[in-house]
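# Architecture at a glance
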Amino acid sequence: MASSPPRVFLSEQQIQQRIEEMGRQISQDYPQGPLYLIAILKGAFMFLADLARAIRTPTRIEFMGISSYGKGKTSSGEVRVTKDLDVSIEGNNVLIVEDIVDSGVTLTYLLNVLGQRKPKSIRIATLLDKPERRLRPVEVSYVGFQIPDEFVVGFGLDYAEDYRNLRDICVLEESVVQP
Ligand code: PRP
């Protein structure tokens, strides 16, 4: 169990304000439903809950699980589906909902997998983006915050499964994070 108190990086209020803005933009861009929101477990669960409520377009809520082998704090490049969709997305508008885009490995894989299922369109919304860390170019249509390469937790994001329930997004002090 990690103990040191993390430092607030983005407050609950900043996060909520930005999600409202993102929801307005997405509602404008997709006037017709259903819009399939596909959240990637586990980190995106909290962002999904707030983003879905900020979107006025009728939505369908779906989940996928993705895992990267050998992943410590970085992606190894090997990705697999651990929980697939329960429904077809053929002919529908799809918005992948992520908590963070880091190397871009996960989303590159996912776009390939979902793209083969003939959606009408497919875009990405992420709360956080770390462009400095990108290994694979990936087009992200909706970004909450671009952030520097700091290890962040809270609002769904974890460190060794801790901190996901924090209301703010926080930076872990160096001493807490194992290399
Ligand atoms: C995080 C995040 C993305 C992925 C991004 O998930 O939710 O899915 O990493 O990294 P990438 O751009 O380098 O591929 P993680 O594997 O930590 O799982 P979790 O959401 O269950 O914590």
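Bear in mind that the values here come from a model prediction, so they are computed numbers and not experimental data. (Residues numbered from 1 in each chain as written. Predicted model: local features only at pLDDT ≥ 70, side-chain atom pairs only at ≥ 80, totals over all residues. Heavy atoms only, no water.)

## Some remarks on the overall build of the chain
On a plain count of helices and strands, the chain comes out with three helices and nine strands. Across the chain, helices and strands are ordered from the amino to the carboxyl terminus as β-α-β-α-β-β-β-α-β-β-β-β. A total of 179 residues make up the chain; the buried ones form 47% of that total. For the chain, long-range pairs separated by at least 24 residues make up 67% of all intrachain contacts whose partners lie at least 6 apart in sequence. Of the roughly 9300 Å² that the chain leaves accessible, carbon and sulfur atoms contribute 46%. (Helix = DSSP H or I, 4+ residues; strand = E, 2+ residues; numbered from the N terminus. Buried < 20%, exposed > 50% of the residue type's maximum accessible area, 1.4 Å probe, protein only. Contact = heavy atoms within 4.5 Å. Areas by Shrake-Rupley, 256 points an atom, 1.4 Å probe, with all protein chains shown as cover.)

## Concerning the environment of aspartate 149
On the secondary structure map, aspartate 149 appears in the loop between strand S7 (142–146) and strand S8 (152–153). Taking the C-alpha atoms as reference points, aspartate 149 and lysine 130, separated by 19 residues in sequence, lie 6.2 Å from one another. Setting aside residues no more than four positions away along its own chain, aspartate 149 makes contact with Lys130, Glu132 and Arg133.

## Digging into the side chain of aspartate 99
Looking at the secondary structure, you find aspartate 99 in strand S5 (residues 93–101). This buried residue, aspartate 99, is left without a salt bridge; arginine 164 holds the nearest opposite charge, at 5.7 Å. Once residues within four sequence positions are removed from consideration, aspartate 99 is found in contact with Gly43, Ala44, Thr126, Leu127, Leu128 and Leu157. (Lys, Arg positive; Asp, Glu negative; His and termini not counted. Salt bridge = Lys/Arg side-chain N within 4 Å of Asp/Glu carboxyl O.)

## Details of the sheet that holds S7
Strands sit in the order S4-S3-S2-S5-S6-S7 across an open sheet of six strands; the sheet is mixed. Only two strands of the sheet have a single partner each, and these edge strands are strand S4 (79–83) and S7. Taking the axes of each pair of neighbouring strands and ignoring which way they run, one obtains an average angle of 30 degrees across the sheet. Pairing between strand S2 (residues 35–41) and S5: five bridges, direction parallel. (Pairing = 2+ DSSP bridges. Axes fitted to C-alpha atoms, helices over the stretch in contact; angles between N-to-C directions.)

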